[in-house]
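The chain contents come next:
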Amino acid sequence: MKVFWTEAAAVPAPKGFAIHLDGRPLRTPSKAALVVPTELLAEAIAVEWQAQSGNVNPTTMPLTRAANTVIDRISLHRDAVVAEIAQYGETDLLCYRAPNPDRLIARQAQAWDPLLAWAADDLGVNLQVTSGLMHCLQPQDSLDALRNTVAQHTVWQLSGLHDLVTLSGSLIIGLAVSKHHLSAEMAWPISRIDEAWNIEEWGEDAEAAALADRKRADFLNAEHLLSLLSPSSGA
């Protein structure tokens, strides 16, 4: 798509706020009305469209992509998305520790144990920790509590939470950011302890580093999306 508009603006609409390009409302790829729950989010999406020049570059529009995903997919398959996110609790990154060396074991414990303690205190979730990659069966009541916590998120919040969890490999880390226990800036390196260790030991591959940078940007964008959603919006 080539840029054909001169002004992108957030406009009040039924059930939220729309984004207009020279007065014409945006639609999703499935042709649904692109209406978001808060003015802040609508204004941020409008900024993404206003910043385009020449040909539209979707990679520079993470909030627009998130809105399209919520409207065209998540809102239609909410229960499946909740189940997908909650399933990460069964194999949470924080529960699988290195068998050696001692310095890595200590580094993981220092970063991850406080988060598991937070989950126990704030979420009522007690997850078991194991050494190595052998599957560790988690208590069903804890898995149920995690699913209930995920299900409390609105469809818009689920979009941000989904990225936080899948990019970090940890439902606990995702919920910690979603619930403002940790910032994404703090949480990202906590999720990358194993990768950081390998870089220290063997050096960094340029392609892997570029991929990690893109994942980090997506992780931070997920938190940004959540910050633009009003807790009382009911979205």
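Residues numbered from 1 in each chain as written. Predicted model: local features only at pLDDT ≥ 70, side-chain atom pairs only at ≥ 80, totals over all residues. Heavy atoms only, no water.

Peer 1: Please provide a residue-by-residue account of unusual backbone geometry, values included.
Peer 2: The peptide bond linking asparagine 100 to proline 101 adopts the cis configuration, its omega dihedral lying at -5°. When you line up the elements, proline 101 lands in the loop between β5 (96-97) and α4 (102-123). You will see that lysine 15, though not glycine, has its phi angle at about 70°, which is positive. Assignment of secondary structure puts lysine 15 in the loop between β1 (8-13) and β2 (16-21). (Helix = DSSP H or I, 4+ residues; strand = E, 2+ residues; numbered from the N terminus.)

Peer 1: So, a negative patch on the surface: which residues are in play, and what are the values?
Peer 2: Taken together, the side chains of Glu204, Asp205, Glu207 and Asp213 define an acidic patch exposed on the protein surface. As for its position among the elements, aspartate 213 is in helix α10 (residues 206-227). The exposure class assigned to aspartate 213 is exposed, which follows from its relative accessible area of 54%. (Patch = residues over 30% accessible without salt bridge, like charges linked within 9 Å, V, L, I, M, F, W, Y side chains within 5 Å. Areas by Shrake-Rupley, 256 points an atom, 1.4 Å probe, with all protein chains shown as cover. Salt bridge = Lys/Arg side-chain N within 4 Å of Asp/Glu carboxyl O. Lys, Arg positive; Asp, Glu negative; His and termini not counted. Charge placed at Lys NZ, Arg CZ, Asp CG, Glu CD. Buried < 20%, exposed > 50% of the residue type's maximum accessible area, 1.4 Å probe, protein only.)

Peer 1: Tell me about the packing of aromatic side chains, and please be specific about residues and values.
Peer 2: On inspection of all chains with the given rule, the structure shows three aromatic pairs. Cluster of aromatic residues (ring-pair linked, three or more members): Phe4, Trp5 and Trp49. (Phe/Tyr/Trp six-rings, centres within 6.5 Å; stacked < 30°, edge-to-face > 60°.)

Peer 1: Explain the pairing of β2 to me, and be specific about the residues and the numbers.
Peer 2: By the criterion of burial, β2 is predominantly enclosed, with six of the six residues buried. Taken together, the six bridges between β1 and β2 define a ladder with antiparallel strand orientation. Across the sheet, residue alanine 13 finds its bridge partner in β2, namely glycine 16. Linking β1 back to β2 in an antiparallel pair, the connection comprises two residues, with lysine 15 at a positive phi of about 70°. Across two bridges, the pairing between β2 and strand β3 (residues 24-25) is antiparallel. Among the inter-strand pairings, leucine 21 is bridged to a residue of β3, identified as arginine 24. (Pairing = 2+ DSSP bridges.)

Peer 1: Describe helix α1 (residues 39-50), with residues and values.
Peer 2: When the terminal C-alpha atoms of α1 are compared, their 16 Å separation across twelve residues agrees well with the 16 Å that a helix rising 1.5 Å per residue should span. Among all positions of α1, only Leu41, Ala42, Ala44, Ile45, Ala46, Glu48 and Trp49 are buried. Against β1, β2, β4 (35-36), α2 (62-72), α6 (155-168) and α10 lie the buried residues of α1. (Expected span 1.5 Å × (residues − 1). Contact = heavy atoms within 4.5 Å.)

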